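# Examination of the molecular architecture
Residue strings, one per chain:
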Amino acid sequence: MSSTDLAQVRNAISQVSRGKDVNEDSWMVMWCNTNWGDLLQPAPLSIALLGSLMVISSSTSDFSLISGNTDLKLTYAKYPTSFKTCLQQMVGDGYIAFETASHQMTRINNASSQLPDAIKRAVTVIVQSRSPIEVEYLLPNALDSVLELTNICTDASRTCERAFVRISALAQEILECTTYKIGNVEQVTERNEIHLSILQQQAEQEDKMVKEAKETSELMKNSFATAEQDFKTAVDTLPSGWEIVGMHVVETLTNAIAAPVSAIFSRAKVRSEYLQTGSSSLPGKTTLPSGEALSDPGVSLAQQVLGLVSNIKLLISGGPGGKPDWDNIRGSKEKSGGLYVEVSLERMMDRLDKTKPISSELLPIMEQAIGIAKKVNATARTVESQNDKALNKHKSAVNRMIKDLELIVTRCNLNLQQTGNIATGPGTPKNASTTASHTQAAVDTAKFRVDQTRANLEAARDSYDKASTRLIEGQREITKTIASMTKLSLENATLKEILPVLMQAVKAFTTLRAQFSQMTEFFCNVASLINDVMKPQVTSWVKNIEANSKLVLAGVSLTDWARHAMYTQMMGPLKVSMLAERISRTYLRVSDLYIMPAQREVGHLLQFQEDRSEEGKRLFKLKLGQAQAAIQEKSQTASQKILELVAEDQKKFIGTINQRLERIQDTVGRALPAIREPVPQQITEVTEAHVEEFDRQRKAVEEATPPYSVDELM
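Owing to the predicted nature of the structure, the values given are computational and were not obtained by experimental measurement.

### A short note on the pattern of salt bridges
Scanning all chains against the criterion turns up 30 salt bridges. We note a salt bridge from Arg563 to Asp560, for which the minimum N-O separation is 3.3 Å. With Arg563 and Asp560 both in helix α16 (residues 558–603) and three residues apart, this pair spans about one turn of that helix. Taking relative accessible area as the criterion, Asp560 reaches 22% and is therefore assigned partly exposed.

Rendered as structure tokens:
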């Protein structure tokens, strides 16, 4: 394959890797994983639950929640001496929560829809400004505009979260007190021990999540300075004529900036699932976002390690006719390809954390790669280098390491909820003339990136399909539950009827709280990126614009690479704004038409029996029954409309991904026909396993707080 063929392949990939394309790919992957349906699905059930609770409070005998058998502290129940009053408080808090969500989601929708323009202004300054004074004057103001809109969204989502924290915690307190009330001394003692154990586990999990969040944040803060130094090292040590390697270095360093940004935003999903399951950990070699993986330096370094091991392959067989590239192994003066690879691998290995899952996989591979690099460099300094077959013994080991690293990189991209592709920009390396062996290596690298994008989009499509199917099935079950909930006896509801309602309420409101928590985490991380990372970077970048413009690697100056790196960082907030705008718009559409009208019917139940005569009791019961029937009707309508919305969105989402995949195959396939073939099996095995793991995790989240067996509670 010639240099002209390589240029055609890279140009074709650039056509499908514009900023808009890559951003939409990333958005689709994150949209699949945010479980936005969880923000809608519990709402109709929640409303029916509140109606049932109001019926219970109007019909059952009253009692105090305070029990002498337990030291349980009540924080949210305002009137714990009256069970009925606590239920009425819960109905009122529920009404406030949904009203709050409707109002605050409007704020989020308005602010998030303005964020793309604010981000575009900042990106324009980053990419187009040429003088330090221009950057210093314009960029801080542009970043402040993004920050101002972000703060609005943070405040709004946090307000929503607090409202659902109050009602879910109140429901939990009422449930716990009720179970204590009906238990004997032995049962109460056992529950006390379980309760204390759960509190201890929660405290440990919270500490673990805080530690991991700090580690992820530090990786993001340090990524720019570390990559910048690696760029300078490559300029100083790569031998001339090794342009293809320079191209790989520039691209992997840009990826090293993108990865920690993706990691910090993927933590929002970890937080959301923790609130629903009580755990932030996932077993085995997970492909889902997890606290351990996202705080692992290996998740950002895997792509660079793959590049360095691929460079060993070039040293071994990248010379004329597939022979060793002795000239680049030895180099000249201080510029040696062999030493560059060896020293870079050692430097990368020092950055790993062997207690983390990805780092622990990379370490043995890197130790083996360093050993081979040392042997290659040593051979080049002996008479054995006269034998062109001297390095053949390393070929199979290097090829095996490359395959293993490709699998790790595939998993890392899934952990990070990113496709692995980098948008074309000012830091995109220029095409270069080189040998046939180097050209083939560059084409293989480019194809791997495109295959990653294809595989991850296919995985997003299939995961979303499964999630939507599960959501539809769950919604049908909720419709049945609503029908049964609203048939509670209006006279003397028993604890057998009360406990399942309370348990369902805890789960429904906890799910809603978790979704708003995820949105809060998104925007808090945007603010952290701007305040803690980008603003300090701007100061350093402005000081060195002119000096760094003279440091060039693969036709890219360090100044232009820095522009591209900061542009890549700004794509994180852009993805969040796209997600938030879509989620808030969808929520408001359902809320305005179905949730709030049904919620207002619950308000009609907030009434008290004034006439205590037999006729008054009969009329009050009739009034409650009518209001209860209205709630059932509106809740079931809302449930059905959500089903239709999910099916509609599922069809559009799958259609959009299929169109994108067809465009990639058509555009890139003209220059690289192999792209028209299915994604290599070794990659699809990982992504298909990811789809199954995604489905299992969704099921685990749904079953994390199952309704208690009433017989067990009694």
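After that view, the rundown keeps rolling.
### Here's the deal with the packing of helix α12 (residues 357–380) against helix α13 (residues 395–415)
Where α12 meets α13, the closest approach of the two axes is 11 Å, and the angle between their N-to-C directions is 155°. Comparing their axes, α13 and α12 come out roughly antiparallel. Relative to α13, the crossing made by α12 is left-handed. Listed contacts from α13 to Ile358, Glu361, Leu362, Ile365, Gln368, Ala369 and Ile372 of α12 are Ala397, Val398, Arg400, Met401, Asp404, Leu405, Ile408, Arg411, Cys412 and Asn415.

### Comments concerning the layout of surface pockets
In this structure, the second largest pocket occupies an estimated 960 Å³ of space. Around the second largest pocket, the lining is made up of 46 residues, and of these Ala441, Asp444, Thr445, Ala446 and Phe448 lie nearest the centre. Of all the elements in the fold, those that place two or more residues in the lining of the second largest pocket are α1 (3–15), α7 (243–277), α9 (298–317), α13, α14 (436–485) and α18 (681–702). Looking at the lining of the second largest pocket, the element that brings in the most residues is α14, giving 10 residues.

### A word on the environment of Pro297
You can see Pro297 is positioned in the loop between α8 (291–294) and α9. Leaving out residues up to four positions away in the same chain, Pro297 has contacts with Leu219, Arg351, Leu352, Asp353, Lys356 and Ser359.

### What to know about unusual backbone geometry
Negative phi values dominate among residues other than glycine, just as trans dominates among peptide bonds. A positive phi angle is found at Gln417, which is not glycine, with a value near 55°. At Ala554, a residue that is not glycine, the phi angle is positive and equals roughly 55°. Mapped onto the elements of the fold, Ala554 is located in the loop between β1 (552–553) and β2 (556–557). Assessed through its relative accessible area of 16%, Ala554 is described here as buried.

### Details of the side chain of Gln304
Structurally, Gln304 can be placed in helix α9. In this structure Gln304 comes out as buried when scored by relative accessible area, which is 7%. If we skip the residues at most four places from it in the chain, Gln304 touches Asp230, Thr252, Leu253, Ala256 and Met348.

### Concerning the packing of helix α11 (residues 337–351) against α12
Packed helices, taken two at a time, are described by their axes: the angle between them and the distance between them. Packing of α11 against α12 leaves a shortest axis separation of 9 Å and a crossing angle of 155°. It follows that α11 is roughly antiparallel to α12 by the angle criterion. Crossing of α11 against α12: the hand is left-handed. Across from Gly338, Leu339, Glu342, Leu345, Glu346, Met348 and Met349 in α11, the residues of α12 making contact are Leu363, Met366, Glu367, Ala369, Ile370, Ala373, Lys374 and Asn377. Split into classes, the residues belonging to the contact of α11 with α12 amount to nine nonpolar, two polar and four charged.

### Thoughts on the side chain of Thr252
With respect to the secondary-structure elements, Thr252 resides in helix α7. Owing to a relative accessible area of 12%, Thr252 belongs among the buried residues under this scheme. Residues in contact with Thr252, not counting those within four places in the same chain, are Gln303 and Gln304.

### What about empty space enclosed by the protein?
The final tally for this structure, using the stated rule, is seven cavities of 30 Å³ or more. Considered as a void within the structure, the largest cavity measures approximately 220 Å³ in volume. Lining the largest cavity are 18 residues; nearest its centre among them are Val22, Ser26, Ala258, Thr568 and Met571. Within the residue set of the lining of the largest cavity, elements represented by two or more residues are α2 (19–33), α7 and α16. With five residues, the top contributor of residues to the lining of the largest cavity is α16.

### Digging into the nonpolar core
In terms of nonpolar packing, the biggest core is built from 204 residues, with Phe98, Trp561 and Met570 touching the most fellow members. Considering each element in turn, this core owes the most residues, 25 residues, to helix α15 (residues 495–548). Ignoring anything within four residues of it in the chain, the contact list for Trp561 reads Phe224, Ala227, Glu228, Phe231, Val250, Leu253, Thr254, Ile257, Gly427 and Val556.

### Describing the packing of aromatic side chains
All chains considered together, the criterion is met by 10 aromatic pairs. Ring plane angle 20° and centroid distance 5.7 Å describe the contact between Trp27 and Trp31, whose orientation is recorded as stacked. Of this pair, Trp27 and Trp31 both sit in helix α2, four residues apart, which is roughly one turn of that helix. For Trp27, a relative accessible area of 12% corresponds to the buried category. A centroid spacing of 4.2 Å and a plane angle of 35° characterise the contact between Tyr464 and Phe653, whose relative ring orientation is tilted. In this pair, Tyr464 is assigned in helix α14 and Phe653 in helix α17 (residues 614–671), connecting sequence segments 189 residues apart. Classification of Phe653 by relative accessible area gives buried; the value is 5%. Against the face of Trp31 rests Arg582, its NZ or CZ located 4.6 Å from the ring centre.

Conventions adopted
- Counting restarts for each chain, with residues numbered from 1 along the sequence as it is written.
- pLDDT decides what is reported in this predicted model: residues at 70 or higher carry local features, side-chain atom pairs at 80 or more are listed and counted, and totals for whole chains, interfaces and linings draw on all residues regardless.
- The side-chain values count all of the structure's non-hydrogen atoms but skip hydrogen atoms and water molecules.
- Salt-bridge detection follows one rule: a side-chain nitrogen of Lys or Arg within 4 Å of a carboxyl oxygen of Asp or Glu.
- By the criteria applied, helices consist of DSSP H or I runs no shorter than four residues and strands consist of E runs no shorter than two, each listed in order from the N terminus.
- Between buried and exposed lies partly exposed: a residue is buried under 20% and exposed over 50% of the maximum accessible area for its type, with that area taken using a 1.4 Å probe on protein chains only.
- Structural elements are reduced to axes, namely lines fitted to C-alpha atoms, with helices fitted over the stretch in contact, and the angle between N-to-C directions of any two is expressed from 0 to 180 degrees.
- By the definition adopted for this analysis, an angle is roughly parallel if under 35 degrees, roughly antiparallel if over 145, roughly perpendicular if from 65 to 115, and oblique otherwise.
- By convention the crossing between two helices is left-handed if the near helix lies anticlockwise of the far one by an angle smaller than a right angle, and right-handed if it lies clockwise.
- Contacts between residues were defined by any pair of non-hydrogen atoms, one from each residue, lying within 4.5 Å.
- Lining residues are defined by having an atom within 4 Å of a point belonging to a cavity or pocket. Those points lie on a 1 Å grid over the protein atoms alone, cavities being sets where a 1.4 Å probe fits but cannot get out and pockets being open sets with protein on both sides within 12 Å along at least five of seven lines.
- Grid points are joined across faces, edges and corners, and a volume is the space filled by probe spheres set on the points.
- Here the term charged refers only to Asp, Glu, Lys and Arg, the term nonpolar to Ala, Val, Leu, Ile, Met, Phe, Trp, Tyr, Cys and Pro, and the term polar to all other amino acids, Gly among them.
- For this analysis, a nonpolar core means a set of buried residues of the types Ala, Val, Leu, Ile, Met, Phe, Trp, Tyr and Cys, connected via side-chain atoms within 4.5 Å.
- Any two of the Phe, Tyr and Trp rings considered here, Trp counted by its six-membered ring, make a pair once their centres fall within 6.5 Å; the pair's planes then place it as stacked at under 30 degrees, edge-to-face at over 60, or tilted in between.
- Each ring is checked for a lysine NZ or an arginine CZ that lies within 6 Å of its centre and within 35 degrees of its normal; such an atom marks a charge sitting over the ring.

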